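Architecture at a glance
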Amino acid sequence: MEKLKNKTAFITGGTNGMGFATAQEFINNGAKVIITGRSERTVNKAVEELGKNAVGIVSNAGELSDIFELQNLIKKHTNTIDVLFVNAGYGKFNSIENVTIEEFNEVFDMLVKGTFFTVQQVLPLMPQGSSIILNTTFLTDIGQPNMSIYTAAKAAVQSFIKTFAAECTSKNIRVNGISPGYIKTNIFNNTGMSTEQIEGTIDAVTPTLPFKRFGEPSEIAKTALFLASDDASYIHGIELRVDGGLSKTKS
Ligand SMILES: NC(=O)c1ccc[n+]([C@@H]2O[C@H](COP(=O)([O-])OP(=O)(O)OC[C@H]3O[C@@H](n4cnc5c(N)ncnc54)[C@H](OP(=O)(O)O)[C@@H]3O)[C@@H](O)[C@H]2O)c1
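Residues numbered from 1 in each chain as written. Predicted model: local features only at pLDDT ≥ 70, side-chain atom pairs only at ≥ 80, totals over all residues. Heavy atoms only, no water.

1. Some remarks on the packing of aromatic side chains
Put simply, the test is: When the centres of two rings from Phe, Tyr and Trp lie within 6.5 Å, Trp using its six-membered ring, the rings pair. Their planes under 30 degrees apart give stacked, over 60 give edge-to-face, and anything left gives tilted. In this text, helices come from DSSP runs of H or I with a minimum length of four residues, and strands from runs of E with a minimum of two, each type numbered from the N-terminal end. Burial status follows relative accessibility: with a 1.4 Å probe on protein chains alone, a residue under 20% of its type maximum counts as buried, one over 50% as exposed, and anything between as partly exposed.
Across all of its chains, the model carries nine aromatic pairs by this definition. Ring plane angle 5° and centroid distance 4.9 Å describe the contact between Phe160 and Phe164, whose orientation is recorded as stacked. Taken together, the positions of Phe160 and Phe164, both in helix H7 (residues 148–168) and four residues apart, correspond to about one turn of that helix. Side by side, Phe160 and Phe164 carry an identical accessibility label, which is buried. Each member of the aromatic cluster is reached from another via a ring pair, and the members are Phe68, Phe116, Phe117, Phe160 and Phe164.

2. Points about the site of the ligand
Inclusion rule: Put simply, a residue is near a molecule or strand once any heavy atom of it comes within 4 Å of that molecule or strand. Any pair of N or O atoms that falls within 3.5 Å is considered a polar contact. Within protein, one atom must be able to donate a hydrogen and the other to accept it, and sequence-neighbouring residues count only if both atoms are side-chain atoms. For the area figures, the Shrake-Rupley method with a 1.4 Å probe applies, and any residue is considered shielded solely by the protein chains shown. Put simply, Ala, Val, Leu, Ile, Met, Phe, Trp, Tyr, Cys and Pro go in the nonpolar bin, Asp, Glu, Lys and Arg in the charged bin, and everything else, Gly too, in the polar bin.
Near the ligand you find 31 residues, and of these Thr15, Arg38, Thr42, Tyr150 and Thr185 are the closest. For the ligand, an oxygen atom lies 2.7 Å from a polar atom in the backbone of Asn87. Lys154 places a side-chain nitrogen or oxygen 2.9 Å from an oxygen atom of the ligand. In isolation the ligand has 890 Å² of accessible area, and contact with the protein removes 95% of it. Taken together, the elements giving at least two residues each to the shell around the ligand come down to helix H1 (17–28) and H7. Partitioning the shell around the ligand into residue classes produces ten nonpolar, 19 polar and two charged.

3. Quick word on helix H2 (residues 40–50)
What counts, and what does not: Directions from the helix axis toward the C-beta atoms define the arc. The contact rule is simple, with two residues in contact once any of their heavy atoms fall within 4.5 Å.
When H2 is considered as a whole, its buried residues turn out to be Val43, Ala46, Val47 and Leu50. Angularly, the buried residues of H2 cover 100° about the axis, an arc narrow enough to put them on a single face. Seen from the buried face of H2, the exposed residues on the opposite side, beyond 90 degrees, are Arg41, Lys45 and Glu48. Contact partners of the buried residues in H2: H1, strand E2 (32–37) and strand E3 (54–58). Looking one or two places after H2, you find Gly51, whose phi comes out positive at around 95°.

4. A look at the environment of Gly17
Within the secondary structure layout, Gly17 lies in helix H1. By relative accessible area, which is 17% here, Gly17 ends up buried. A C-alpha to C-alpha distance of 16 Å links Gly17 and Arg41, two positions 24 residues apart in sequence. Ignoring sequence-local partners within four residues, the contact set of Gly17 consists of Thr185 and Pro217.

5. Structural notes on unusual backbone geometry
Here Asn6, not a glycine, exhibits a phi torsion of approximately 65°, which is positive. Structurally, Asn6 can be placed in the segment before strand E1 (8–11). For Asn172, which is not glycine, the phi dihedral falls at a positive 60°. Residue placement: Asn172 occurs in the loop between H7 and strand E6 (174–180). Judged by relative accessible area, Asn172 falls into the partly exposed class, the value being 43%.

Next comes the structure, spelled out in C-alpha cells:
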C-alpha cells in the first residue's frame, strides 16, 4: 500500500545518508519529494538517482538567506508540503578547550537556527493533517567527550519537538522527532576527522553497540515513513529512538 499517495514531502539534506534513504522510501510509497543539499553537484546526482518523482533545491541549512528563499523556491514546484523532514546536519567534534567560535557558530547556525527557520518558512505551506519530523541524536541521552556543541545544538532541536508540537496542535499538524543511534552514513566526512580516525572510530564503536552493528539509513527511513503517515495519526510531540537500544540498555 502506498502510504504517502498524493503527498509531497520536503527533506533537508536529502542527497545522502538518512535523508536520501527517506526520499527513496517516501517515493516508493507514492510521494513526490523535494530534497535539499549544499551543492548543485550533490543535489543533481541524488535527483537523478531518485527519478521523476524527485526535485532538488540547492540550499544551505546554515545560511539564513538561503532558508528565507525556500518558500519561493518550493512554490516553483508545489504550493503544498504534507511532510517536512528537517534532517540536514553534521557535528564538529572537539574538546571544550579546543572548540573555536567558528565551529560553535557553524553547528548552531545549521542545527538550531537552521531547524527553527526552516520550520517557520515551510509551515505556511503545510495543510491540516501534515507531519513535521525533526532529526536529533542519541547523544542527548548519554553525553560523550568532544561532542559538547553538537549535542547541545541537538538538545535545542529536541526541545523544539515539544514546543512546536504544542503550537501546531491547533493547526492539526503533528510534530515528532527521530533520535538515531550510530547509523552507517557519510556523516563523519563533514566532521574534519581523517579517514584513519573515521575507520578507527567505527572499529572501536561497533563492538560496544547492543547489536554489534551500525544502523542502516533505511531503518531511519522506515521510521520516518511511519511518523509521516496516517499510521502515526495519534502520535504527537514524541522523539522515537532508533538506536538499537544504545541509549537505554547495557549488556
Ligand atoms: N549518522 C549518524 O550516526 C547520526 C546519528 C544521529 C543523528 N544523525 C543526524 O542525522 C542527520 C543526517 O545525517 P546523516 O548521518 O544521514 O549524514 P550524511 O550521510 O552526511 O548526510 C547529510 C545530509 O545533509 C546534507 N547537509 C549537510 N549539511 C548541510 C547544510 N548545511 N545544508 C544543507 N544540507 C546539508 C548533506 O548534503 P550535501 O553534502 O549535498 O550538502 C547530506 O544530504 C543529521 O542531522 C545528523 O546530525 C546522524
